[in-house]
Every structure is written in structure tokens, then in C-alpha cells.
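# Structural description and commentary
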Amino acid sequence: KNQVEQSPQSLIILEGKNCTLQCNYTVSPFSNLRWYKQDTGRGPVSLTIMTFSENTKSNGRYTATLDADTKQSSLHITASQLSDSASYICVVSNSNDYKLSFGAGTTVTVRA
Amino acid sequence: DGGITQSPKYLFRKEGQNVTLSCEQNLNHDAMYWYRQDPGQGLRLIYYSQIVNDFQKGDIAEGYSVSREKKESFPLTVTSAQKNPTAFYLCASRGGTPTYNEQFFGPGTRLTVL
């Protein structure tokens with residue numbers, strides 16, 4: 001069964017600090033992995049996408065890494081801002097039918 | 001929210017009622033999707049449509065129905081057969097090749113059963 005597990009479930013950080021979110025997956029065969037940001041009550045918005053051959057991708061203060069051998073990914077948020085408070089969802093696509101498997105998300109709260 | 005609109009934003013349903021959630025996109029995308037989001041769980045696929053006049057069941061289609069009469073519209077009906085419909089519903093669309101499977105999401109509809 002294709003699964004995506006994220007940790008931690010939630011975290012609280014002070015404004016200006018860094019944090020790292022984890023994603024482990026069992027999706028096979030692998031096509032790509034995407035991190036989405038979802039503000040409360042809104043739809044998810046894509047932050048980064050990585051294919052098998054890519055092991056790092058940045059989008060401003062967001063940096064995603066991928067280790068396709070261990071089937072792990074991380075999302076690093078640098079110099080957090082209050083606007084980073086959101087749920088971050090790891091999404092993996094398989095190359096058979098390109099359906100998406102979603103993690104449950106990590107809720108990040110940034111406090112002043 | 002990338003050219004995808006959902007309405008209404010909030011919807012309340014009484015027991016035994018059918019309700020329809022609207023999803024419209026102006027991205028000229030062929031594929032459209034409906035997901036359900038519950039607290040502490042990942043998004044789950046209800047129905048999807050790869051092209052006009054065609055759609056397939058997802059992982060949790062029971063109690064739901066859809067139509068795809070126009071490319072830009074993909075309404076979802078939550079029927080009285082859906083026993084636990086209270087959730088956040090997200091519509092998405094995808095264009096281009098499926099390799100990157102870039103899905104763009106609408107703002108969502110929160111459905112509450114009274």
C-alpha cells in the first residue's frame with residue numbers, strides 16, 4: 001500500500017528560527033515528491049517538486065531534500081516568519097497511474 | 001488558488017439531504033479531481049475526471065456522485081447515502097503531462113451536517 005508518513009504532527013517555533021519537517025514514503029514506483037503549504041481554511045499551494053534525480057530544491061526560505069534510496073524527504077524552513085504558520089503536506093506520485101498519496105501534514109505555528 | 005473557484009465556502013446539510021458543491025476552473029485543464037480532507041488525515045480521492053464526459057471513482061466514492069458535462073466544471077453531489085459527510089472538500093485540476101502531476105487546488109468548501 002502506498003503510504004506517506006510525516007513527522008512531527010505539529011511544532012511551535014519562535015519567529016526567526018529554523019525548523020525541519022520530515023516525510024517518509026513507501027510509494028512505488030516513484031515519480032515525484034511535492035511539498036504543499038496549506039493555510040487554515042484554504043487550498044494547498046505547491047512549494048517544491050522533486051523527481052528521482054533531484055536531491056534538493058529551494059523556493060525562497062524553503063528548501064526540500066530527497067533521498068530516493070531511503071525514501072525520505074525533508075522540508076527546511078529558514079528564518080521563519082509569522083506567515084509560515086500553516087500545515088505542510090508531503091505528496092508523492094507513483095509512475096504507474098500518477099495518482100497522488102498525501103501525508104497527513106505537519107502543522108507549524110510560528111510565534112512572535 | 002490558481003484559477004479554480006469553489007462555492008459555497010461553507011455549506012450546511014440536514015440529515016437526508018443531497019447537496020451539490022461547485023467547482024469551476026479557467027485554466028483550460030483536462031483533468032479535475034475531488035478530495036476530502038479530515039483532521040489528522042491525508043487528502044483522500046473521491047472522484048476524478050481525465051476528460052469531458054468521463055469520470056472514475058476514487059478511493060472513497062460511496063455516497064458521492066459527479067458529472068463532467070463541461071471542461072471547466074466538475075460539480076460534486078454529496079448524497080444522503082454518505083453517512084459521515086462533515087469534512088473539508090477540495091477540488092483540483094491538472095493540465096499538461098501527468099509526469100509532474102501538478103495539481104492546482106481550489107479554496108475548498110467546508111460541509112457540516114446539522
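As a reminder, the structure under discussion sits directly above these lines.
The present account deals with the structure reproduced in this document. Quick caveat: nothing in here was measured; it's all calculated off a predicted structure.

Parameters at a glance
- Residues numbered from 1 in each chain as written.
- Chains lettered and ligands numbered in written order.
- Predicted model: local features only at pLDDT ≥ 70, side-chain atom pairs only at ≥ 80, totals over all residues.
- Heavy atoms only, no water.
- Contact = heavy atoms within 4.5 Å.
- Buried area = accessible area lost by both parts, 1.4 Å probe.
- Salt bridge = Lys/Arg side-chain N within 4 Å of Asp/Glu carboxyl O.
- Disulfide = S-S within 2.5 Å.
- Helix = DSSP H or I, 4+ residues; strand = E, 2+ residues; numbered from the N terminus.
- Buried < 20%, exposed > 50% of the residue type's maximum accessible area, 1.4 Å probe, protein only.
- Phe/Tyr/Trp six-rings, centres within 6.5 Å; stacked < 30°, edge-to-face > 60°.
- Lys NZ or Arg CZ within 6 Å of the ring centre and 35° of its normal.
- Pairing = 2+ DSSP bridges.
- Core = buried A, V, L, I, M, F, W, Y, C linked by side-chain atoms within 4.5 Å.
- Axes fitted to C-alpha atoms, helices over the stretch in contact; angles between N-to-C directions.

Right, let's get into the interface of chain B and chain A. The interface is formed by 20 residues belonging to chain B together with 20 residues belonging to chain A. Across the interface of chain B and chain A, roughly 1,700 Å² is buried in total on both sides, 52% from carbon and sulfur atoms. Where chain B packs against chain A, one counts one salt bridge. When the shortest N-O distance is used, the salt bridge between Glu102(B) and Arg34(A) registers 3.1 Å.

Following the criterion strictly, the structure yields two disulfides over all chains and no others. A disulfide bridge connects Cys23(A) with Cys90(A), and the sulfur atoms are separated by 2.0 Å. As the torsion about the S-S bond is roughly -70°, the Cys23(A)-Cys90(A) disulfide counts as left-handed. Here the residue Cys23(A) occupies a position in strand β3 (residues 19–25), and Cys90(A) occupies one in strand β9 (residues 86–94), the gap between them amounting to 67 residues. Paired through a disulfide, Cys23(B) and Cys91(B) show a sulfur-sulfur distance of 1.9 Å. Because the torsion about its S-S bond is -75°, the bridge between Cys23(B) and Cys91(B) counts as left-handed. Of this pair, Cys23(B) sits in strand β3 (residues 19–25) while Cys91(B) sits in strand β9 (residues 87–94); the two residues are 68 residues apart in sequence, bridging distant segments of the chain. The residues Cys23(B) and Cys91(B) share a single accessibility class, namely buried. In this structure Cys19(A) is not part of a disulfide, and its nearest cysteine sulfur, from Cys90(A), lies 15 Å away.

Right, let's talk about the packing of aromatic side chains for a bit. How two aromatic rings sit relative to each other is given by the distance of their centres and the angle of their planes. Using the criterion set out here, one finds ten aromatic pairs over all chains in the structure. For the ring pair Tyr47(B) and Phe55(B), a centre distance of 6.0 Å and an interplane angle of 75° mean the geometry is edge-to-face. By relative accessible area, which is 7% here, Tyr47(B) ends up buried. Ring pairs connect the aromatic residues Tyr36(A), Phe102(A), Tyr33(B), Tyr35(B), Tyr48(B) and Phe105(B), which therefore count as one cluster. A cation over an aromatic ring shows up here: Arg61(A) above the ring of Tyr62(A), its NZ or CZ 5.7 Å from the ring centre. Above the face of the Phe74(B) ring, Arg68(B) is positioned so that its terminal group lies 6.0 Å from the ring centre.

This brings us to the pairing of strand β7 (residues 62–67) of chain A. All names here are of chain A. Burial along β7 is one-sided: the face carrying Tyr 62, Ala 64 and Leu 66 is buried and the face carrying Thr 63, Thr 65 and Asp 67 is not. Pairing between strand β6 (residues 56–59) and β7: four bridges, direction antiparallel. By the bridge assignment for β7, Lys 57 is matched with Ala 64. What sits between β6 and β7 in their antiparallel hairpin is a turn of two residues, with Gly 60 showing a positive phi close to 65°.

This paragraph deals with the nonpolar core. Counting 25 residues, the largest nonpolar core has Leu21(A), Tyr25(A), Leu33(A), Trp35(A), Leu75(A), Tyr88(A) and Val92(A) as the members making the most contacts within it. Counting residues per element, the ones that place at least two in this core are β2 (10–14), β3, β4 (30–38), β5 (45–51), β7, β8 (72–77), β9 and β11 (106–111) of chain A. Counting residues in hydrophobic clusters, the runner-up holds 20 residues, among them Val19(B), Cys23(B), Trp34(B) and Ile60(B).

This part covers the sheet that holds β3(A). Residues and elements named next belong to chain A. Sheet architecture is open: five strands sit in the order β1-β3-β8-β7-β6, paired in antiparallel fashion. Because the sheet does not close on itself, it has two edges, and the strands there are β1 (4–7) and β6. Each adjacent strand pair in this sheet contributes to an overall mean axis angle of 15°, direction not counted.

Residue and element names in this part refer to chain B. Strand order in the open sheet made by the four strands is β1-β3-β8-β7, with antiparallel pairing throughout. Lying at the two open borders of the sheet, with one neighbouring strand each, are β1 (4–7) and β7 (64–66). For this sheet, the mean inter-axis angle between neighbouring strands, taken without regard to orientation, is 20°. As paired strands, β3 and strand β8 (residues 76–78) are joined by three bridges and run antiparallel to one another. Within the sheet, the bridge partner assigned to Val 19 lies in β8 and is Val 78.

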